[in-house]
Each structure stands twice: as C-alpha cells, then as structure tokens.
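# Structural description and commentary
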Amino acid sequence: DERMRGRDFLSLHDFTRDEIFYLLDVAKELKALQKAGKPHRLLEGKTLGMIFTKSSTRTRVSFEVGMYQLGGSALFLSSADIQLGRGEPIKDTARVLSRYVDGIMIRTFAHEDVVELAKYADIPVINGLTDLLHPCQVLADLLTIVEHKGKTDGLKMTYIGDGNNMAHELMYGGAKAGMHVVICTPEGYEPDAEVVRLATEDAKANGGSITLMNDPVEASKDADVLYTDVWASMGQEGEANVRANAFQGFQINGTIMKVAKPDTIVLHCLPAHRGEEITDEVIEGPNSVVFDEAENRLHAQKAIMAVVM
Ligand code: CP
Ligand code: NVA
C-alpha cells in the first residue's frame, strides 16, 4: 500500500479509521515475522534521525531497534549535543536533516515545533511525544487492546488522571476506533477543549463517544479498558507537589478494579509511579497488560516507519 508513503505521523487525528486499522494490520504482520525469526528488511539502507529534547526509555530503544530490524539504522540526536539545543532554528535543522536521513522522529515540548519541523522537512516526521500528543503510544495501545479484546468498537475505555498528551491522543485514537472514551480528571485538569471537540466529532462518526468526568469510581463502572498516566509529566516537575495534592483519589486501585468489568485490562504508557496514579498491586496484577503494551511500541512503530518511509 503506497497511499501513506511520505506522510508525517503527528497525530492519529490526521489518519482515517481505515488507515489506522491498516497500520495495525501491518504491525501484527511485522510482529508475527519477528516472533518467527523471519527477516523483514523493508527499510534496507534507510536512516532515521531521532531528536530528543526530553528523556525516554521505550521510545528511544523501540525506534532504534525497530529500524535495525527493518534493515536500516537510527541516529540518536540529543538536543544537548546538536546545534538545535544551542538555538539553530527548527526550519534549518529540518532542511539539513532532510539532505542526510530518510525520516525524522522527534520528542519535544511544544507541539508547534513538531508541526514546523514537518513543514520544512521534505521527509516524513514522526511525533515521538509532545506536550500535546503521543500518537505512537496510542497506536501501540490500540494494538494491545485488539490483541486482548479482539476488537476496539463499542468498548469503554476509562482514563483516570491528568488531561495531558496521553488523554488527548487516547481521545483521538479511541474515537477513530469506535470506542467510548471516558476522561476522568480532577477539576481544573481537564483536557484541551479543541481536542475534545475534534475527538467528539470523530467519535460520533465511528459509533463511539467522548465523556469528561471528575469521579473516578463513577467513570470506571463497567470499563473494558482502564488507563492512567503520571500526575506530573516531563516539564512539570516544578508542579509535582501541587499536583500530588490535586490528584488524590485519581488512582487505579482495588476500589476501581471492583467497579470495572472483571476482565478489564489495565494499561499505562509507563514510566509508572506506584502509589500515585496506580497501586503496585494493580500494575503487577492479573488484569495488567502494561508490558505487552510496552512491547507493542516496537511493532506499532515499525509499521509506521515501514508505511511512511
Ligand atoms: N511511554 C513512553 O513513551 O515511554 P518513554 O518515555 O520511556 O519513551
Ligand atoms: N504524560 C507523560 C507521558 C510519558 C510517556 C509525559 O509527557 O511525561
């Protein structure tokens, strides 16, 4: 399928439902090949530049290993070391890298910086997380949900925590996948209103819904999927104490597990803070699929790279 070649991957909102399910199919196929030890060198000789202005374990390792398994290579470009970190404009970085590599993955703070990079680069740009969105994570999450539940359509997915990049992308991805997405935050930490508006339109078109709530127990009733994320994201370290107070009770724990469906699956993008947004008991418990989910970052991103690059 050549239709998606050359596209940027900035948000699941930019892709149709069919395109998202196509990416999931490719991910499943690549996962099966890798598990069978069969070569799948679809990007032989290609190079991915990976710009990081924030920390990462999963994103960095899965992109680098994924590129290697696809027959290409990846360059880790820390903003501490490249001229971007000393003020070289994004638009210049974009055009220079476009002359050397075949794709760019970027993890940074402002989403607009990624949009600008994509505008000036003439190769695909993949969003490896911004303050606004985290599309690679949610593609991996959808893959995990399909593997464990056999479908996404009609499932209730409850997210408990901050109205952050994860909440936003789960609304975009869940909406396209026909899910009933409930975002449960403390008052004052609701998701971005424009993202809610766009996701609500997408949800309606696909038989799903978006609901905002402030009561975690009420929100979790009969949930098929429970999701949470850290209370203070990268860049919000200074707010950690204020947030720790505001988010009391916004935790996936035994009480929440009792009201969700017995076969609910628990997801977390990781890294997790046990005792804050989730208890050790739940993350280590039988409903947790967080390590399948982390593994699926590799397979989902290989699909993205194989399709757009
Ligand atoms: N979930 C996730 O993106 O993890 P990293 O910050 O380790 O990349
Ligand atoms: N919301 C978290 C996600 C980390 C993968 C952050 O932005 O730090």
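Residues numbered from 1 in each chain as written. Chains lettered and ligands numbered in written order. Predicted model: local features only at pLDDT ≥ 70, side-chain atom pairs only at ≥ 80, totals over all residues. Heavy atoms only, no water.

Looking at an unreviewed UniProt entry, the chain carries the name Ornithine carbamoyltransferase, with the source organism given as Heliobacterium mobile. If you open the UniProt record of the chain and go to Function (unreviewed entry), you find "Reversibly catalyzes the transfer of the carbamoyl group from carbamoyl phosphate (CP) to the N(epsilon) atom of ornithine (ORN) to produce L-citrulline." (UniProt positions renumbered as here; feature names shortened; annotations may be inferred.)

Next up on the list: the site of ligand 1. Lining the immediate environment of ligand 1, one finds Ser56, Thr57, Arg58, Thr59, Arg107, His134, Gln137, Cys269, Leu270 and Arg297. Within the side chain of Ser56, a nitrogen or oxygen atom sits 2.6 Å from an oxygen atom of ligand 1. Considering ligand 1 on its own, with 260 Å² of exposed area, one finds that the protein chains cover 95% of that surface. Grouping the amino acids of the shell around ligand 1 by side-chain chemistry returns two nonpolar, five polar and three charged. (Near = heavy atom within 4 Å. Polar contact = N/O pair within 3.5 Å; in protein donor to acceptor, adjacent residues only side chain to side chain. Areas by Shrake-Rupley, 256 points an atom, 1.4 Å probe, with all protein chains shown as cover. Nonpolar A, V, L, I, M, F, W, Y, C, P; charged D, E, K, R; others polar.)

Before going further, it helps to examine the nonpolar core. Residues Phe9, Leu48, Ile126, Leu139, Met179 and Met305 are the most contacted members of the largest nonpolar core, which totals 60 residues. The element best represented in this core is helix 5 (residues 135-149), accounting for seven residues. Residues within four places of Met305 in sequence aside, it is in contact with Leu43, Leu48, Phe63, Gly66, Met67, Leu70 and Ile126. (Core = buried A, V, L, I, M, F, W, Y, C linked by side-chain atoms within 4.5 Å. Buried < 20%, exposed > 50% of the residue type's maximum accessible area, 1.4 Å probe, protein only. Helix = DSSP H or I, 4+ residues; strand = E, 2+ residues; numbered from the N terminus. Contact = heavy atoms within 4.5 Å.)

What follows deals with the packing of helix 1 (residues 17-35) against helix 12 (residues 290-308). It is at 8 Å that the axes of helix 1 and helix 12 come closest, and there the two elements cross at 115°. As helix 1 packs across helix 12, the resulting crossing turns out to be right-handed. Contact with helix 1, carried on its side by Tyr22, Leu23, Val26, Ala27, Leu30, Lys31, Gln34 and Lys35, involves Glu295, Asn296, Leu298, His299, Ala300, Lys302, Ala303, Ile304, Ala306 and Val307 of helix 12 and no other residues of that element. Considering only residue class, the contact of helix 1 with helix 12 consists of 11 nonpolar, three polar and four charged. (Axes fitted to C-alpha atoms, helices over the stretch in contact; angles between N-to-C directions. Left-handed = near helix turned anticlockwise from the far one by under 90°.)

Attention now moves to helix 3 (residues 90-98). Residues of helix 3 that are buried include every one of Ile90, Thr93, Ala94, Leu97 and Ser98, and no others. The buried residues of helix 3 occupy one face: seen down the axis, they fall within an arc of 125°. (Arc of directions from axis to C-beta.)

Taken in spatial order, the four strands of this open sheet run 2-1-3-4, and their pairing is parallel. Because the sheet does not close on itself, it has two edges, and the strands there are strand 2 (73-78) and strand 4 (125-127). The average angle at which neighbouring strand axes cross in this sheet is 20°, direction not considered. Pairing geometry for strand 1 (residues 47-52) and strand 2, over six bridges, is parallel. (Pairing = 2+ DSSP bridges.)

Before going further, it helps to spend a moment on the packing of aromatic side chains. The description of two aromatic rings rests on the distance between their centres and on the angle between their planes. Within this structure, the stated rule accounts for six aromatic pairs. Ring centres of Trp231 and Phe247 lie 5.9 Å apart, and the angle between their planes is 25°; on these two criteria the pair is classed as stacked. Within this pair, whereas Trp231 is found in the loop between strand 8 (225-228) and helix 9 (240-246), its partner Phe247 is found in the loop between helix 9 and helix 10 (254-259), the two being separated by 16 residues in sequence. Seen from their ring centres, Phe247 and Phe250 are 6.4 Å apart, and the 75° between their planes marks the pair as edge-to-face. No difference in accessibility class separates Phe247 from Phe250, as the two residues are buried. (Phe/Tyr/Trp six-rings, centres within 6.5 Å; stacked < 30°, edge-to-face > 60°.)

Here we come to the packing of helix 2 (residues 58-69) against helix 12. Between helix 2 and helix 12, the shortest axis-to-axis distance is 9 Å and the interhelical angle comes to 50°. In this view, helix 2 runs oblique relative to helix 12, as classed from their interaxial angle. Note that helix 2 runs across helix 12; the crossing there is right-handed. Of the residues in helix 12, those touching helix 2 at Arg58, Thr59, Ser62, Phe63, Val65, Gly66, Met67 and Gln69 are Ala294, Arg297, Leu298, Gln301, Lys302 and Met305. Here the residues of the contact of helix 2 with helix 12 sort into six nonpolar, five polar and three charged. (Parallel < 35°, antiparallel > 145°, perpendicular 65-115°, else oblique.)

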